[in-house]
Amino acid sequence: MKILVLGVGNVLFRDEAIGVKTVLELKEHYRFPDNVTLTDGGTLGIGLMESLMNCDLAIIIDAVKGGYEPGTLYRLVGEDLRKSMSFSDSMHQTDLVDTLIFCDLAGKRPDCVVIGIEPADFHTMDLELSPEIQAKQPQLIEEVLKELKSHGVVYSKKIRN
């Protein structure tokens, strides 16, 4: 099974960058087998179609506006994916919805899971995550690793010298 771990979001707007920043953390600190690809999807939208069509499972890491306290973690599948992908203040979300529809029309839409977190601040232009979300990022990483493990992925932590 080919698995795509896709971090999405706009790195210019504080907590909206959580998906991208989490994928970068995973790349820096973990080793994954060849069937797992980690991708910084940024705000590429339709530009992600090829990557999505070439995987069996997409684990999308994103900010999710679910209406709960900042830092709340989410695992969304099926119809609940819309909670992540209807993030009204974010252009990349509409593009991602459209991209998945196009994948469906082309006959190759992967199974999707969104592992997300409720943002504290997604309006401020800032390259850093808010303190609340920064503190919760390790838990978000653990949720992504748990999702990968549930699909039989064996990973290892990189040893630092």
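Here the residue index of a chain counts from 1 through its sequence in written order. Totals for whole chains, interfaces and linings use all residues, but because this is a predicted model, local features are given only for residues with pLDDT of at least 70 and pairs of side-chain atoms are given and counted only at 80 or more. Neither water nor hydrogens contribute to the side-chain values; these are computed over all heavy atoms in the structure.

### Description of the overall build of the chain
Counting from the N terminus, the helices are DSSP H or I runs at least four residues long and the strands are E runs at least two residues long. Counting its secondary structure elements, the chain contains five helices and seven strands. Along the chain, helices and strands appear, N-terminal first, in the series β-α-β-β-α-β-β-α-α-β-α-β. Each residue is placed in one exposure class: buried if its accessible area under a 1.4 Å probe, protein chains only, is under 20% of its type's maximum, exposed if it is over 50%, and partly exposed if it falls in between. Taken over 161 residues, the chain has a buried fraction of 45%. Here, two residues are considered to be in contact whenever any of their heavy atoms come within 4.5 Å of each other. Considering only intrachain contacts with a sequence separation of at least 6, the fraction spanning at least 24 residues in the chain is 81%. Working note: accessible area of the chain is about 8,300 Å², and carbon and sulfur atoms make up 52% of it. Here the open area of atoms and residues is found with the Shrake-Rupley method and a 1.4 Å probe, where only the protein chains shown may cover a residue.

### Notes on the pattern of salt bridges
For salt bridges, the criterion is a side-chain nitrogen of Lys or Arg within 4 Å of an Asp or Glu carboxyl oxygen. Going through the model one piece at a time under the given rule, you end up with five salt bridges. Here D121 ties to R14 by a salt bridge, and the two come within 3.9 Å at their closest N and O atoms. Linking D121 in the loop between β6 (111-117) and α5 (131-150) with R14 in the loop between β1 (3-8) and α1 (18-29), this pair joins segments that are 107 residues apart in sequence. D56 serves as the salt-bridge partner of K108, at 3.8 Å between the closest nitrogen and oxygen. Linking K108 in the loop between α4 (91-105) and β6 with D56 in the loop between α2 (49-53) and β4 (57-63), this pair joins segments that are 52 residues apart in sequence. Given the relative accessible area of 35%, D56 is considered partly exposed. The network of salt bridges with common partners includes R14, D121 and D126.

### Observations regarding a nonpolar patch on the surface
Exposure above 30% relative accessible area and no salt bridge define the residues that can form patches, which grow by joining like charges within 9 Å and nonpolar side chains of Val, Leu, Ile, Met, Phe, Trp and Tyr within 5 Å. Taken together, the side chains of V11, L12, M125 and L127 present a nonpolar region at the surface, about 370 Å² in accessible area. Assignment of secondary structure puts V11 in the loop between β1 and α1. For V11, a relative accessible area of 35% translates into the label partly exposed.

### Things to note about unusual backbone geometry
Even without a glycine there, the phi angle at R14 is positive, about 35°. What makes R14 buried here is its relative accessible area of 18%.

### Topic: the pairing of β4
Among the seven residues that make up β4, seven are buried, leaving the element largely enclosed by the rest of the structure. Side-chain alternation along β4 places L57, I59, I61 and A63 on one buried face and A58, I60 and D62 on a second face that is also buried. By the convention used here, strands pair only if DSSP detects at least 2 bridges between them. Both β1 and β4 contribute to a ladder of five bridges, which runs parallel. Bridge pairing in β4 links G7 to I61. Across seven bridges, β4 lies against β6 in parallel orientation. Along β6, the bridge assignment pairs I60 with V114.

### Focus on the side chain of R14
Counted as a polar contact is a pair of N or O atoms within 3.5 Å, where, for protein atoms, one must be capable of donating a hydrogen and the other of accepting one, and residues adjacent in sequence contribute only when both atoms are in side chains. One polar contact links the side chain of R14 to the main-chain carbonyl oxygen of E128, over a distance of 3.3 Å. Discounting residues that sit within four places of it in the chain, R14 has contacts with D121, T124, D126, E128, L129, S130 and P131.

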